[in-house]
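Residue-level listing of the chains:
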Amino acid sequence: MVDSVKEKNSSGSYSSNTGPIVEYKNVHKSFGDVEVLKGLDLDIYPGEKVALIGPSGSGKTTIIRMLMTLEQPTSGEIIVDGKNLWHMEKNGKLIPANEKHLREVRGEIGMVFQHFNLFPHMTILQNCMTAPIQVQKEDKESAKRRSIEMLEKVGLGDKLDNYPSQLSGGQKQRVAMARALVMRPKIMLFDEVTSALDPELVGEVLEVIRDIAEEGEMAMVLVTHEMDFALEVADRVIFLDDGVIAEEGTPSEVLEESDNERLQQFLYRFRS
Amino acid sequence: MNINWKWDMFFEAFPYILQGIWVTVGLTFACFLFALLFGFVWVFLRRIKFKPVNWLVTWVMEFIRSTPPLIQLFFIYYAWPMIPGIGVSLTSFESAILGLGIHFSTYIGEVYRSGIEGVDKGQWEASTALNFSTRQKWTKIILPQAIPPTIPMLGNYLIIMFKEVPLASTIGVVGILALAQTYGTDNFRMLESYTIVALIFLLLSYPSAILINKLEKKLNRRFDKKAAIQENKGAVV
């Protein structure tokens, strides 16, 4: 699997950058006395789709939240597109990043949350077009046009002027994806995006993710409990257990061929 | 026992005292506006994490709240100009705006704080994920959600301030209370004069209170709807 990723990169089809777009280097994270991540080393390549699975408390959500700058690593480095995320250079020394530095680096990252986190005081369209206008200084007309296109793509072209409270969970999550996508991130993070949904609404959200994944150019990191979906969409599956990567490989290697005992125990719950 | 009440004097006094309404109402709104703006200053000062600053701000707020507004007015109007170097002499109207405005801004700051804390933490996270600047987070995302639910509480403070404004007559602001005092002493009609003042306050406060109550119900209904949706979402988890 890793070979095929490198192949894609050397052919230049994804990015002029042949190296990884995200590198975690010996990243530790503790909350109080509890160490959730115990020295994570992980590379994510441009355009790669990575599924993070594991029991709750295994640190999978923390991995992407640190990349989105919602949690600060206790130690270690995260490199995004060649730039150190949590540190910046000043007079030849590495010092903790300030907000300005964080804003520069995280502009390439987008995130979709478990609980949608749409802005309730804005219409669906405003939810999508505000950030491109305010943050990326895109002109209003083009931001609006792209937002409408994106909302049509996720099947909500007829809801532009509705407020989030008027939508179902599945619709909200599709808006949240459109909102993240109009920012044109190079890396998209999905934090258990279907686990707050009614079972019958999960399908429509997965379908949109599948469509995004097929377009290919964006790297995607999915924290998920949808094993079948991970098998189908991911290039690589990573099983986290107790703060370390316990197993990693192609979906079939991890989900079907691995004999890791903890992984088997974990998967057993989903196969009943 | 005969009550000494003269209707003709009442009707003569009424328009005279009512002239003061513009000063009283004007001062109320001026104080309120000052408190609304200054309330934000407290909110942001309190968010400074640097311990000594945090401690100082909390202490100053506590000090302002636990001293009577009347003393604060006297201090600003009579005592402050006496301090060499930093003393400034203000008109009685300006002193009243500053004194009552600052006093109530400490309460209004707490109202804002409760509103801000009521905004879901996911809203901060989503605005970070979309890379909004700190300023944009506040102005576009957080405050537009935090402030509307506090409107009824702010309205209550407006009425409370309206009722405290007569304190300013003690430093020479000529509102309805001061005019009633003048009329009463000049004509020996205390009963009619102060009845009129009470009546004017009642006529303004009571309808305002009803209005705010209605507004609160209307806002609550809006937020109940949202709460119901949030609950549904929770039930699925």
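Residues numbered from 1 in each chain as written. Chains lettered and ligands numbered in written order. Predicted model: local features only at pLDDT ≥ 70, side-chain atom pairs only at ≥ 80, totals over all residues. Heavy atoms only, no water.

Student: What exactly am I supposed to notice about helix H7 (residues 134–146) of chain B here?
Tutor: Note that an α-helix has 3.6 residues per turn; residues three or four places apart therefore point the same way. Taking 1.5 Å per residue as the helical rise, H7 of chain B with its 13 residues ought to reach 18 Å, whereas the 16 Å between its terminal C-alpha atoms falls clearly short. Taking the largest bend as the criterion, H7 of chain B deviates by roughly 25 degrees, centred on lysine 140 of chain B, and proline proline 144 of chain B comes between one and four positions later. All of the buried residues in H7 of chain B are Gln136, Lys137, Trp138, Ile141, Ile142, Leu143, Gln145 and Ala146 of chain B. If you follow the buried residues of H7 of chain B, they end up packed against helix H3 (99–106) and helix H4 (124–134) of chain A together with helix H2 (21–46), helix H5 (92–117) and helix H6 (121–129) of chain B. (Helix = DSSP H or I, 4+ residues; strand = E, 2+ residues; numbered from the N terminus. Expected span 1.5 Å × (residues − 1). Bend = angle between axes of the 7 residues up to and from the residue. Buried < 20%, exposed > 50% of the residue type's maximum accessible area, 1.4 Å probe, protein only. Contact = heavy atoms within 4.5 Å.)

Student: Help me understand the packing of helix H3 (residues 51–66) of chain B against H5 of chain B in this model?
Tutor: The angle between the axes and the distance between the axes are what describe a pair of packed helices. All names here are of chain B. Axis separation between H3 and H5 bottoms out at 9 Å; the angle between their running directions is 120 degrees. When the interaxial angle is binned, H3 and H5 end up oblique. In terms of crossing hand, the pair formed by H3 and H5 is left-handed. Counted together, Met61, Ile64 and Arg65 of H3 and Ile102, His103, Thr106, Tyr107 and Glu110 of H5 form the full contact between these two elements. For the contact of H3 with H5, the residue count by class is four nonpolar, two polar and two charged. (Axes fitted to C-alpha atoms, helices over the stretch in contact; angles between N-to-C directions. Parallel < 35°, antiparallel > 145°, perpendicular 65-115°, else oblique. Left-handed = near helix turned anticlockwise from the far one by under 90°. Nonpolar A, V, L, I, M, F, W, Y, C, P; charged D, E, K, R; others polar.)

Student: Can you help me understand the interface of chain A and chain B in this one?
Tutor: On the side of chain B, 24 residues touch chain A, which itself brings 31 residues to the contact. For the pair chain A and chain B, the summed buried area comes to about 2,400 Å², and 61% of that belongs to carbon and sulfur atoms. Connecting chain A to chain B are one salt bridge. For arginine 65 of chain A, the salt bridge is made with glutamate 125 of chain B, and the minimal N-O distance between the two is 2.7 Å. (Buried area = accessible area lost by both parts, 1.4 Å probe. Salt bridge = Lys/Arg side-chain N within 4 Å of Asp/Glu carboxyl O.)

Student: Is there a simple way to think about the sheet that holds strand E4 (residues 75–80) of chain A in this case?
Tutor: Remark on secondary structure: sheet strands pair via backbone hydrogen bonds, oriented parallel or antiparallel. Residue and element names in this part refer to chain A. With antiparallel pairing, four strands are arranged side by side in an open sheet as E2-E1-E4-E5. Taken across any chain shown, the strands that pair with only one partner, and hence form the sheet edges, are strand E2 (34–44) and strand E5 (83–84). Lying over the sheet, helix H2 (residues 60–67) contacts strand E1 (22–31), E2 and E4, oriented at roughly 115 degrees with respect to E1. (Pairing = 2+ DSSP bridges.)

Student: Would you explain the nonpolar core in this entry?
Tutor: In a soluble, globular protein the nonpolar side chains are often hidden away together inside. Counting 72 residues, the largest nonpolar core has Tyr24, Leu52, Leu67, Ile78, Ile187 and Leu189 of chain A as the members making the most contacts within it. Tallying contributions element by element places H5 of chain B first for this core, with eight residues. Those residues in contact with tyrosine 24 of chain A that lie beyond four places of it in its chain are Leu40, Asp41, Leu42, Asp43, Ile44, Ile63, Ile64, Met66, Leu67, Glu77 and Ile78 of chain A. Grouped together as the second largest cluster of nonpolar side chains are 38 residues, Val112, Ala178, Met220 and Val233 of chain A included. (Core = buried A, V, L, I, M, F, W, Y, C linked by side-chain atoms within 4.5 Å.)

Student: Would you take a moment to explain the packing of aromatic side chains for this structure?
Tutor: For any two aromatic rings, the description comes down to two numbers: the centre-to-centre distance and the angle of the planes. By the definition in use, this model includes 20 aromatic pairs over all chains. Between phenylalanine 10 of chain B and phenylalanine 14 of chain B the ring centres are 6.0 Å apart and the planes differ by 45 degrees, which places this aromatic pair in the tilted class. Of the two residues, phenylalanine 10 of chain B and phenylalanine 14 of chain B both sit in helix H1 (residues 7–18), four residues apart, roughly one turn of that helix. Taking the relative accessible area as the measure of exposure, phenylalanine 10 of chain B reaches 8% and is therefore buried. Connected via pairs of aromatic rings, a cluster forms that spans Trp5, Trp7, Phe10, Phe11 and Phe14 of chain B. The ring of phenylalanine 119 of chain A has arginine 179 of chain A lying over it, and the distance from NZ or CZ to the ring centre is 4.5 Å. A cation sits over an aromatic face here: arginine 65 of chain B above tyrosine 107 of chain B, 5.4 Å from the ring centre. (Phe/Tyr/Trp six-rings, centres within 6.5 Å; stacked < 30°, edge-to-face > 60°. Lys NZ or Arg CZ within 6 Å of the ring centre and 35° of its normal.)

Student: Even after reading the chapter, I still don't get the pairing of strand E8 (residues 109–112) of chain A, so can you show me in this structure?
Tutor: The two faces of the sheet receive side chains in turn, since in a regular strand these alternate between them. Residue and element names in this part refer to chain A. Where burial is concerned, the two faces of E8 agree: the one with Ile109 and Met111 and the one with Gly110 and Val112 are both buried. Examined bridge by bridge, E8 and strand E9 (residues 187–191) share four bridges and lie parallel to one another. Bridging across to E9, valine 112 finds its partner in phenylalanine 190.

Student: Mind showing me how you'd approach the environment of asparagine 84 of chain A here?
Tutor: All names here are of chain A. Relative to the elements of secondary structure, asparagine 84 occurs in strand E5. Ignoring any residue separated from it by four or fewer positions in sequence, one finds asparagine 84 in contact with Glu77, Ile78, Ile79, Leu94, His101 and Val105. Within the structure, the side chain of asparagine 84 is placed 3.3 Å from the backbone nitrogen of tryptophan 86, a separation counted as a polar contact. (Polar contact = N/O pair within 3.5 Å; in protein donor to acceptor, adjacent residues only side chain to side chain.)

Student: Help me out: how do you make sense of the environment of asparagine 220 of chain B in this one?
Tutor: Residues and elements named next belong to chain B. By the element assignment, asparagine 220 lies in helix H10 (residues 190–236). A relative accessible area of 41% places asparagine 220 in the partly exposed class. With 68 residues separating them in the primary sequence, asparagine 220 and proline 152 have C-alpha atoms 9.9 Å apart.

Student: Quick question: what am I supposed to make of the packing of H2 of chain B against H5 of chain B here?
Tutor: Residue and element names in this part refer to chain B. As a packed pair, H2 and H5 sit with axes 5 Å apart at the nearest point and diverge in direction by 50 degrees. One element, H2, and the other, H5, form an angle in the oblique class. The element H2 and its partner H5 pack so that their crossing is right-handed. Of the residues contributing to the contact of H2 with H5, the split by class is 22 nonpolar, six polar and three charged.

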